2 protein chains.
Amino acid sequence: MAIQDVEHCDCTEIHQKTVDQVLAQMPEEDVLYDLAELFKVFGDSTRIRILFALYGADICVCDLAETLNMTQSAVSHQLKILKQSRLVSNRREGKQIYYFLTDDHVRRIIAQGMEHVTE
Amino acid sequence: MAIQDVEHCDCTEIHQKTVDQVLAQMPEEDVLYDLAELFKVFGDSTRIRILFALYGADICVCDLAETLNMTQSAVSHQLKILKQSRLVSNRREGKQIYYFLTDDHVRRIIAQGMEHVTE
DNA sequence: TGAACATATGAACAGTTATTCATATATTTA
DNA sequence: TAAATATATGAATAACTGTTCATATGTTCA
């Protein structure tokens, strides 16, 4: 999966000017990596379902599992990933832990995606 | 990976009202699936790099491979996925095939993601 | 303090996916 | 038409990932 420095292109005629211009405007590799990692988090049905469930209300793990018809363990594993990406946060209330969307970024990203999907 | 109808939750006290409300506002399963599939396409460094390369200009496969330091085959495989998701389109010009972003949806989705990543 | 409850987590397994390699298709040009 | 060039694609492999199962952690209440 890593980008290797291989003999990459067997074409004879490269438009070097185009290549240089494109390279000049590309973001840094680590930004591209982080961006891909972010979208990867959205790129799973379970996590999308969790994010939608949290769209309008704070919910505890147990209710999430019930709502999405999943095991508590599976939900917890995915919540961990969502939390590491700072898409969701949580707070404890007694025995239960409530999760919620960290901020409106998530809603906007999802909204943009929905526009593409439902057009 | 499929959502199974298992005994999902061993909690005693479910907030049924919350569960029902959340379920009522969830999009259809197939919309959620499509949305996850869309983000999955963005969730790979190679494809993100291709999309950024196409951000400002139409580029042929060969120049893409050169720009991204990849084999032509790997680029073609990923372009196929991007095309199936209608994120990119292409046109032939003689021997070469130029790829370009289908519309501004892609740019907006990427822009939203960048906001989250670079904050 | 101990039992019950809610959540988190590590290991293992199964399914998925990106790249490579070899080769096929399609266009141009000599 | 044959050769050269540009792109596409199928099969195989290696790496990655989501779920399950078993269990650990942390909180409340009797």
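Residues numbered from 1 in each chain as written. Chains lettered and ligands numbered in written order. Predicted model: local features only at pLDDT ≥ 70, side-chain atom pairs only at ≥ 80, totals over all residues. Heavy atoms only, no water.

A. Expanded view of the pairing of strand 2 (residues 88-93) of chain B. Residues and elements named next belong to chain B. Summarising the sheet, strand 2 and strand 3 (residues 96-101) pair through 6 bridges and their orientation is antiparallel. Bridging from a neighbouring strand, Glu93 pairs with Gln96 of strand 3. Connecting strand 2 to the antiparallel partner strand 3 that follows it, the hairpin turn spans 2 residues, and Gly94 within it adopts a positive phi of roughly 70°. (Pairing = 2+ DSSP bridges. Helix = DSSP H or I, 4+ residues; strand = E, 2+ residues; numbered from the N terminus.)

B. Up close: the protein's contact with DNA strand D. Around DNA strand D, the structure places 30 residues, and the nearest of them are Thr46, Arg47 and Ser73 of chain A together with Ser73 and Tyr99 of chain B. The contact atoms of DNA strand D, taken as those within 4 Å of the protein, divide so that sugar and phosphate hold 69%. Between Gln78 of chain A and DNA strand D, the recorded distance is 2.8 Å, taken from a side-chain N or O atom to a phosphate oxygen. Elements that contribute at least two residues to the surface near DNA strand D include exactly helix 3 (45-53) and helix 5 (72-84) of chain A together with helix 4 (61-68), helix 5 (72-84) and strand 3 of chain B. For the surface near DNA strand D, the class distribution of residues is 10 nonpolar, 12 polar and 8 charged. (Near = heavy atom within 4 Å. Polar contact = N/O pair within 3.5 Å; in protein donor to acceptor, adjacent residues only side chain to side chain. Nonpolar A, V, L, I, M, F, W, Y, C, P; charged D, E, K, R; others polar.)

C. Structural context of the nonpolar core. Judged by nonpolar contacts, the single largest core of 63 residues is most densely connected at Phe42 and Leu64 of chain A together with Phe42 and Leu64 of chain B. The contacts of Leu64 of chain A, once residues within four sequence positions are left out, are Ile50, Ala53, Leu54, Ile59, Val75 and Leu79 of chain A. (Core = buried A, V, L, I, M, F, W, Y, C linked by side-chain atoms within 4.5 Å. Buried < 20%, exposed > 50% of the residue type's maximum accessible area, 1.4 Å probe, protein only. Contact = heavy atoms within 4.5 Å.)

D. Main features of the interface of chain A and chain B. In this assembly, 67 residues from chain A lie in contact with 69 residues from chain B. The contact between chain A and chain B buries some 6100 Å² in all, and 64% of this surface belongs to carbon and sulfur atoms. Summed over the shared surface of chain A and chain B, the number is 6 salt bridges. Here Arg108 of chain B ties to Glu115 of chain A by a salt bridge, and the two come within 3.8 Å at their closest N and O atoms. (Buried area = accessible area lost by both parts, 1.4 Å probe. Salt bridge = Lys/Arg side-chain N within 4 Å of Asp/Glu carboxyl O.)

E. Layout of the packing of helix 3 (residues 45-53) of chain B against helix 5 of chain B. Residue and element names in this part refer to chain B. Where helix 3 contacts helix 5, the axes come no closer than 10 Å and their chain directions differ by 80°. Here helix 5 runs roughly perpendicular to helix 3, going by the angle between their axes. In contact with Thr46, Arg47, Ile50 and Leu51 of helix 3, helix 5 contributes Val75, Gln78, Leu79, Ile81 and Leu82. Per-class residue counts for the contact of helix 3 with helix 5 are 6 nonpolar, 2 polar and 1 charged. (Axes fitted to C-alpha atoms, helices over the stretch in contact; angles between N-to-C directions. Parallel < 35°, antiparallel > 145°, perpendicular 65-115°, else oblique.)

F. Representation of the environment of Gln25 of chain B in the model. One can find Gln25 of chain B in the loop between helix 1 (16-24) and helix 2 (29-42). For Gln25 of chain B, a relative accessible area of 37% corresponds to the partly exposed category. On a C-alpha basis, the gap between Gln25 of chain B and Val88 of chain B in space is 32 Å, while along the polypeptide they are 63 residues apart. Aside from chain neighbours lying at most four places away, what touches Gln25 of chain B is Phe52, Ala53, Tyr55 and Gly56 of chain A. In terms of polar contacts, Gln25 of chain B uses its side chain to reach the backbone carbonyl oxygen of Phe52 of chain A, at 3.2 Å.

G. Inspection of the relation of the copies chain A and chain B at higher detail. Superposing chain A onto chain B takes a rotation of 180° plus a shift of 0.0 Å along the axis, which leaves an RMSD of 0.0 Å. Those values place the two copies in the arrangement expected of a two-fold rotation axis. Of the residues that chain A buries at the interface, 100% are likewise interface residues in chain B, meaning the two copies contact each other through the same surface. (Least-squares fit on C-alpha atoms with pLDDT ≥ 70 in both.)

H. Focus on the confidence of the model for chain A. Residues and elements named next belong to chain A. The share of residues in chain A with pLDDT of 70 or more is 91%, and the mean pLDDT across the chain is 91. Within chain A, helix 3 carries the highest mean pLDDT (98), whereas helix 1 (residues 16-24) carries the lowest (92). Of the regions scoring below 50 in pLDDT, residues 1-7 engages in 8 contacts with residues more than four places distant in sequence or in other chains. (pLDDT = per-residue confidence, 0-100.)

I. Spatial organisation of the protein's contact with DNA strand C. Near DNA strand C there are 30 residues, and of these Gln72, Ser73 and Tyr99 of chain A together with Thr46 and Ser73 of chain B occur at the shortest range. Expressed as a percentage, the sugar and phosphate content of the atoms of DNA strand C within 4 Å of the protein is 66%. The contact in question runs from a base oxygen of DNA strand C to an N or O atom on the side chain of His77 of chain A, over 2.8 Å. Gln78 of chain B is positioned with one of its side-chain polar atoms (N or O) 2.9 Å from a phosphate oxygen of DNA strand C.

J. Spatial organisation of the packing of aromatic side chains. Taken as a whole, this structure holds 5 aromatic pairs over all chains when the rule is applied. Measuring from centroid to centroid gives 6.0 Å for Phe39 of chain A and Phe39 of chain B, while their planes differ by 10°, and the two rings are stacked. Here the residue Phe39 of chain A occupies a position in helix 2 (residues 29-42), and Phe39 of chain B occupies one in helix 2, the pair thus bridging two chains. According to the relative accessible area criterion, Phe39 of chain A is buried, its value standing at 0%. (Phe/Tyr/Trp six-rings, centres within 6.5 Å; stacked < 30°, edge-to-face > 60°.)

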